[in-house]
Amino acid sequence: MATWNRRAAVKGLLAGTAAVSALGVAGACVAEGKKADQAPPLKGNIKQSVCRWCFQDLPLDQLCAAAKAMGIRGIDLVGPQDWPTLQKYGLDSPMCNGAEINLTDGFNDPQFHARLQKQYAEMIPRVAAAGYTNLICFSGSRRGLSDAAGWDNCVRGLAPLLKLAQQHKVVLVMELLNSKVDHKDYQCDRTSWGVELARKLDSEHFRLLYDIYHMQINEGDVIRTLTQHHEYIAHYHTAGVPGRHELDDQQELNYPAIMRAIQVTGFKGYVAQEFMPRQADKLASLRQAVQLCDV
């Protein structure tokens, strides 16, 4: 099976998607709505979103209509060009993107600071004007840096932006990614590293995206870790381990238990589904994951 790569998928999305007839989209949406109607209503204790790149082969209109019918409340990792479509369906954009360079060239390397500061300074007001809060960012690859040097460089790159973020009530959210399987050499690859950076920045406008899939691979001990550090976590992502596929009995994580632990912390943000469906009916996989996480 091919290895899926978010970087390549997002790049493909930015290049544009194929045109689809309105009739075809409408028909698919109606069919999806009928299926969703058969599912019990969600409890809603966990607000759920879905990452756009995992369903990039579906027209955004179709994904939005299906998500809305399932009780999903937002679409993750879309930029300004797609916000009008989300708004048309009454969906949130819980984790915005579009200011980053990529996942490897991030705030831990001063050579990228000028470009990143310019792009984030332009995007922060746009996020706020659209009524959104969270904007993703990345540490970048380690490239031989010590932990201390990475923290210092990130502070130098991010601190000037946090004043602007505070002014616009936007939160810059750094994602925790595994460096063992998917993102070799990524520096913010442990919760402790991200938490220490958050402490150094000392701002409510910098928080972490705790990706359950990535942190299970790199450090495990998911429930204890998110419980201890929940005040630094603004957002969660899901996927099955190993393989980044469905949240089913073919993978090792107990997602209902994890969701209950998140709920106990008093978390009011979003948990976004970020898995690559294996089965042909991808929306059925998404619906099953949504029901599983609805504790």
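This text follows the structure it describes.
Residues numbered from 1 in each chain as written. Predicted model: local features only at pLDDT ≥ 70, side-chain atom pairs only at ≥ 80, totals over all residues. Heavy atoms only, no water.

A. Seen up close, the state of the cysteines. Per the stated rule, a full pass over the model turns up zero disulfides. With no disulfide of its own, Cys-137 lies 8.0 Å from the sulfur of Cys-154, the closest cysteine sulfur. Note on Cys-137: relative accessible area 0%, which makes it buried. (Disulfide = S-S within 2.5 Å. Buried < 20%, exposed > 50% of the residue type's maximum accessible area, 1.4 Å probe, protein only.)

B. Summary view of the pattern of salt bridges. Throughout the structure, instances matching the rule amount to 13 salt bridges. Note that Asp-147 is salt-bridged to Arg-142, the shortest N-O span being 3.0 Å. Given a relative accessible area of 24%, Asp-147 falls into the partly exposed group. Among the salt bridges present, the one from Asp-248 reaches Arg-278, with a minimum N-O distance of 3.5 Å. Of this pair, Asp-248 sits in the loop between β6 (233–238) and α10 (255–264) while Arg-278 is found in the loop between β7 (270–273) and α11 (282–293), placing the two residues 30 residues apart along the sequence. Overlapping salt bridges bring together Arg-142, Asp-147, Asp-189 and Arg-190 as one network. (Salt bridge = Lys/Arg side-chain N within 4 Å of Asp/Glu carboxyl O. Helix = DSSP H or I, 4+ residues; strand = E, 2+ residues; numbered from the N terminus.)

C. The arrangement of the packing of helix α3 (residues 60–70) against α11 in detail. Remark: α3 packs on α11, axes separated minimally by 11 Å, with the N-to-C direction vectors making an angle of 35°. Note on packing geometry: the crossing formed by α3 with α11 is right-handed. Note on element contacts: α11 touches α3 through Leu-283, Leu-286, Arg-287 and Val-290, opposite Gln-62, Leu-63, Ala-66 and Met-70. Here the contact of α3 with α11 is built from residues that sort into six nonpolar, one polar and one charged. (Axes fitted to C-alpha atoms, helices over the stretch in contact; angles between N-to-C directions. Left-handed = near helix turned anticlockwise from the far one by under 90°. Contact = heavy atoms within 4.5 Å. Nonpolar A, V, L, I, M, F, W, Y, C, P; charged D, E, K, R; others polar.)

D. Broad picture of the sheet that holds strand β3 (residues 134–137). Read across the sheet, seven strands follow the order β2-β1-β7-β6-β5-β4-β3 without closing on themselves; strand pairing throughout is parallel. If you trace the sheet from one side to the other, it starts and ends with β2 (74–76) and β3, each paired once. Within this sheet the neighbouring strands show an average axis-to-axis angle of 35°, counted without direction. Pairing geometry for strand β1 (residues 47–51) and β7, over four bridges, is parallel. Residue pairing in the sheet places Gln-48 in a bridge with Val-271 of β7. Relative to strand β4 (residues 171–175), helix α6 (residues 147–168) is tilted by about 155°, and along the sheet it contacts β3, β4 and β5 (206–211). (Pairing = 2+ DSSP bridges.)

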